[in-house]
Amino acid sequence: MTSPLVEFTQVSVTYGRGVRALHDVSLCIAKGEILGLVGESGSGKTTLCRVLVGLTVPSSGKVTLGGKSVSDCLREQPLAFRRRVQMLLQDAVASLSPRMPIGRILAEPIAIHHLPEAPTRERLRGILERLGLSADVLAKFPHQISGGQARRVGVARALLMQPELIIADEPTAGLDVSVQGELLNLLLDLHREFGLTYLLVSHNLNVIRRVTTRTAVMYLGQIVEEAPTASLFVRPAHPYAAALVSTNPAVDPARRAHRIVLQGEIPSGVSPPTGCRFHTRCPVAQPGCAHEEPALRDLGEGRRVRCHHPYTLPLRSFP
Ligand SMILES: Nc1ncnc2c1ncn2[C@@H]1O[C@H](COP(=O)(O)OP(=O)(O)O)[C@@H](O)[C@H]1O
Ligand code: SF4
Ligand SMILES: [Mg+2]
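Residues numbered from 1 in each chain as written. Chains lettered and ligands numbered in written order. Predicted model: local features only at pLDDT ≥ 70, side-chain atom pairs only at ≥ 80, totals over all residues. Heavy atoms only, no water.

A. Representation of the overall build of the protein. When helices and strands are tallied, the protein shows 11 helices and 12 strands. Principal-axis analysis of the C-alpha atoms places the extent of the protein at approximately 65 × 45 × 40 Å. Classification of the 319 residues of the protein by burial places 49% in the buried group. Within the structure as shown, the protein displays about 14700 Å² of accessible surface, and the carbon and sulfur contribution to it stands at 54%. (Helix = DSSP H or I, 4+ residues; strand = E, 2+ residues; numbered from the N terminus. Buried < 20%, exposed > 50% of the residue type's maximum accessible area, 1.4 Å probe, protein only. Areas by Shrake-Rupley, 256 points an atom, 1.4 Å probe, with all protein chains shown as cover.)

B. Looking closely at the site of ligand 2. Looking at ligand 2, the residues that line it are H238, P239, C276, F278, H279, C282, V284, A285, C289, C307, H308 and H309. Classifying every residue of the shell around ligand 2 by side-chain character gives eight nonpolar, four polar and no charged. (Near = heavy atom within 4 Å. Nonpolar A, V, L, I, M, F, W, Y, C, P; charged D, E, K, R; others polar.)

C. Highlighting the packing of aromatic side chains. With the rule as written, the count across this model stands at three aromatic pairs. With a centroid separation of 4.9 Å and an interplanar angle of 75°, the aromatic rings of Y219 and F278 are classed as edge-to-face. Of the two residues, Y219 sits in strand β9 (residues 214-219) while F278 sits in the loop between α11 (253-256) and β11 (297-300), which places them 59 residues apart along the sequence. Residue Y219 shares its accessibility class with F278, and that shared class is buried. (Phe/Tyr/Trp six-rings, centres within 6.5 Å; stacked < 30°, edge-to-face > 60°.)

D. Fine view of the environment of V63. Tracing the chain through its elements places V63 in strand β4 (residues 60-65). Expressed as a C-alpha distance, the spacing of V63 and G42, which sit 21 residues apart in the sequence, is 21 Å. Among all residues touching V63, those that are not within four sequence positions of it are E7, F8, V11, V51, L52, P58, K68, S69 and V70. (Contact = heavy atoms within 4.5 Å.)

E. Up close: the site of ligand 1. Around ligand 1, the structure places Y15, V19, A21, E40, S41, G42, S43, G44, K45, T46 and T47. One of the backbone nitrogen or oxygen atoms of S43 is found 3.2 Å away from an oxygen atom of ligand 1. T47 has a polar side-chain atom sitting 2.5 Å from an oxygen atom of ligand 1. Notes on ligand 1: free accessible area 560 Å², of which the protein chains cover 60%. It is helix α1 (residues 45-53) that provides the largest number of residues to the shell around ligand 1, a total of three residues. Of the residues belonging to the shell around ligand 1, the class tally is three nonpolar, six polar and two charged. (Polar contact = N/O pair within 3.5 Å; in protein donor to acceptor, adjacent residues only side chain to side chain.)

F. Structural view of the sheet that holds strand β6 (residues 85-88). Taking strand neighbours across the sheet as the criterion, the eight strands line up as β6-β7-β8-β3-β9-β10-β12-β11 in an open arrangement whose pairing is mixed. Either end of the sheet is taken by a strand with one partner, and the two such strands are β6 and β11. Strand-to-strand twist in this sheet, taken as the mean axis angle between neighbours without regard to direction, amounts to 20°. Strand direction decides the pairing type here: strand β3 (residues 34-38) and strand β8 (residues 197-201), joined by four bridges, are parallel. Residue pairing across strands places I34 opposite Y198, the latter belonging to β8. (Pairing = 2+ DSSP bridges. Axes fitted to C-alpha atoms, helices over the stretch in contact; angles between N-to-C directions.)

G. Quick look at the packing of helix α5 (residues 117-130) against helix α6 (residues 147-160). The N-to-C vectors of α5 and α6 enclose an angle of 145°; their axes lie 10 Å apart at closest approach. In this structure, the crossing between α5 and α6 has a hand that is right-handed. Where α5 approaches α6, its residues T120, R123, L124, I127 and L128 are matched on the opposing element by A156, L159 and L160. A breakdown of the residues in the contact of α5 with α6 according to their chemical character gives six nonpolar, one polar and one charged. (Left-handed = near helix turned anticlockwise from the far one by under 90°.)

H. Structural view of the state of the cysteines. Tallied over the entire structure, the rule returns zero disulfides. The thiol of C49 is not disulfide-bonded; the next cysteine sulfur, from C28, is found 16 Å away. (Disulfide = S-S within 2.5 Å.)

Structure representation (structure tokens):
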């Protein structure tokens, strides 16, 4: 990998009351890459995004952007950092100030970031056109526009900053399937046009499969597998990743027969299971798994897995 744009090194986050939302997370995002992040609700995906934008401070470990720590970037050049890294939020409507018309919301950063007025407005016009947002949207207030439009306004606001990195936390959640498709095509076009780097969090495995180049799978605050997306979906190595991938309705019917259904809920982050955190639900756990925590091992071909007994066969061949 060329020098990464983003690098997490052994990052842990503990919230009040002892919830360990991230535990020893190491991860790189290369410039120009679309990295997918998947995992059950509560696995720490949003926390990872928040650490990257500097909204949550890690309890230990280090996160860098372009080789410089996020905390240093924020301290030394807060405005520049807030331009370089843009986060598209899950709740797009709530992220827009309710009492301002869209036009003012979009114009606000021009003053805050001292962007050159005329060229920026010109660029905004281009972006709105590109996003299929007509000029009459500008006069409306956030509650007067649809969820899909709010999502686009969020994208327009982010793009206006000419960011290097866009973090999209469930950007298509709650949208109609057709609007979802449009938004994804748009993100892909923008990726091609501007060479942007994305971190894309989604519950929707079809979205991940279609859009991302590499995927990281999280379970209970840890990355348990990281692999090129295409090979992850054919040959997941971690039992949790395999279970997740096997539930993807788009997998071919022969493989659907091998759907792996996990028992139980994700355990509490306050007192996670000893040894391998997945051992309480793992269909192939061995006695040692409850005692010895597996390290994230490199299996070659861009694949890293945190398991003592990773699968080596394609999903189709599972028992
Ligand atoms: N502000 C917070 N205070 C305390 N616990 C939190 C807070 N935010 C998230 N958590 C907990 O941290 C864990 C990870 O949450 P989150 O990062 O939101 O996961 P995901 O986005 O994968 O659903 C969960 O157990 C969640 O309840
Ligand atoms: S280490 Fe053991 S319990 Fe954990 S995922 Fe691997 S086989 Fe399952
Ligand atoms: Mg989340």
